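Tertiary structure, described
Here are the chains, one letter per residue:
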Amino acid sequence: QVQLVESGGGLVQPGGSLTLSCAASGSDFEINVMAWYRQAPGKGREWVAHINNYSTNYADFVRGRFTISRDSAKNIVYLQMNNLKPEDTAVYYCNVGAVVRGTNWNYWGQGTQVIVSS
């Protein structure tokens, strides 16, 4: 099993910045991909960005404003969010794809709230 603990959400004014982090822990696992999703009030969950050993990719609505990065040694993924807009208000979820004892699994964090408001 892999446990995910997220942190870094909060209230920020439009144009401000926040950094989210998600730490993965457990035993006998190897991470393939780490990603961030978000879910705004009344909307479905949507993909924001992901990172693997080879590349990073972003949804169009965050490209140029958000940066995903990873500390592979510590199994932590970050989401640096700049120039935040009110429409970025959502619960942000960490998602990890990992191999645990030879089997592929997908894990979700508990979510962290981001509110962009003046």
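Description of the structure in this document. Because the structure is predicted, anything quoted here is derived from the model rather than measured.

With respect to the helices, strands and loops of the structure, tryptophan 108 is situated in strand β10 (residues 103-108). Classification of tryptophan 108 by relative accessible area gives partly exposed; the value is 39%. For the pair tryptophan 108 and tyrosine 93, spaced 15 residues apart in sequence, the C-alpha separation works out to 6.7 Å. Aside from chain neighbours lying at most four places away, what touches tryptophan 108 is Leu4, Tyr37, Arg45, Tyr93, Cys94 and Asn95.

Direction of pairing for strand β4 (residues 29-39) relative to strand β5 (residues 45-52): antiparallel, over a ladder of seven bridges. Counterpart to tyrosine 37 in the pairing with β5 is tryptophan 47. Taken together, β4 and the strand that follows it, β5, pair antiparallel across an intervening segment of five residues, in which glycine 42 is found at a positive phi of about 75 degrees. Where β5 meets strand β6 (residues 56-58), three bridges bridge the pair, whose relative direction is antiparallel. Bridged to alanine 49 within β6 is tyrosine 58. The antiparallel hairpin formed by β5 and β6 contains three residues in its connecting segment.

Scanning the entire structure with this criterion turns up two aromatic pairs. Considering the side-chain rings of tyrosine 93 and tryptophan 108, the 6.5 Å spacing of their centres and the 85 degrees angle between planes classify their relative orientation as edge-to-face. With a gap of 15 residues between them, tyrosine 93 in strand β9 (residues 90-100) and tryptophan 108 in strand β10 connect regions that are remote in the sequence. Feature note: the residues Tyr37, Tyr93 and Trp108 constitute an aromatic cluster, connected by ring pairs.

Here we come to the pattern of salt bridges. Side chains that carry opposite charge are capable of pairing whenever their charged atoms lie near each other. A full pass over the atoms with the stated rule returns five salt bridges. Measuring nitrogen to oxygen at the nearest pair gives 3.4 Å for the salt bridge that ties aspartate 28 to arginine 101. Of this pair, aspartate 28 sits in the loop between β3 (18-26) and β4 while arginine 101 sits in the loop between β9 and β10, and the two are 73 residues apart along the sequence. For arginine 38, the salt bridge goes to aspartate 88, with nearest N and O atoms at 2.9 Å. Here aspartate 88 lies in the loop between β8 (76-81) and β9 and arginine 38 lies in strand β4, a separation of 50 residues in the sequence. An identical accessibility class is assigned to arginine 38 and aspartate 88; each is buried. One continuous salt-bridge network, built from bridges that share partners, spans Arg38, Glu46, Arg65 and Asp88.

Quick notes on the rules
Residues numbered from 1 in each chain as written. Predicted model: local features only at pLDDT ≥ 70, side-chain atom pairs only at ≥ 80, totals over all residues. Heavy atoms only, no water. Helix = DSSP H or I, 4+ residues; strand = E, 2+ residues; numbered from the N terminus. Buried < 20%, exposed > 50% of the residue type's maximum accessible area, 1.4 Å probe, protein only. Contact = heavy atoms within 4.5 Å. Pairing = 2+ DSSP bridges. Phe/Tyr/Trp six-rings, centres within 6.5 Å; stacked < 30°, edge-to-face > 60°. Salt bridge = Lys/Arg side-chain N within 4 Å of Asp/Glu carboxyl O.

Nothing here speaks to function; it is geometry throughout.
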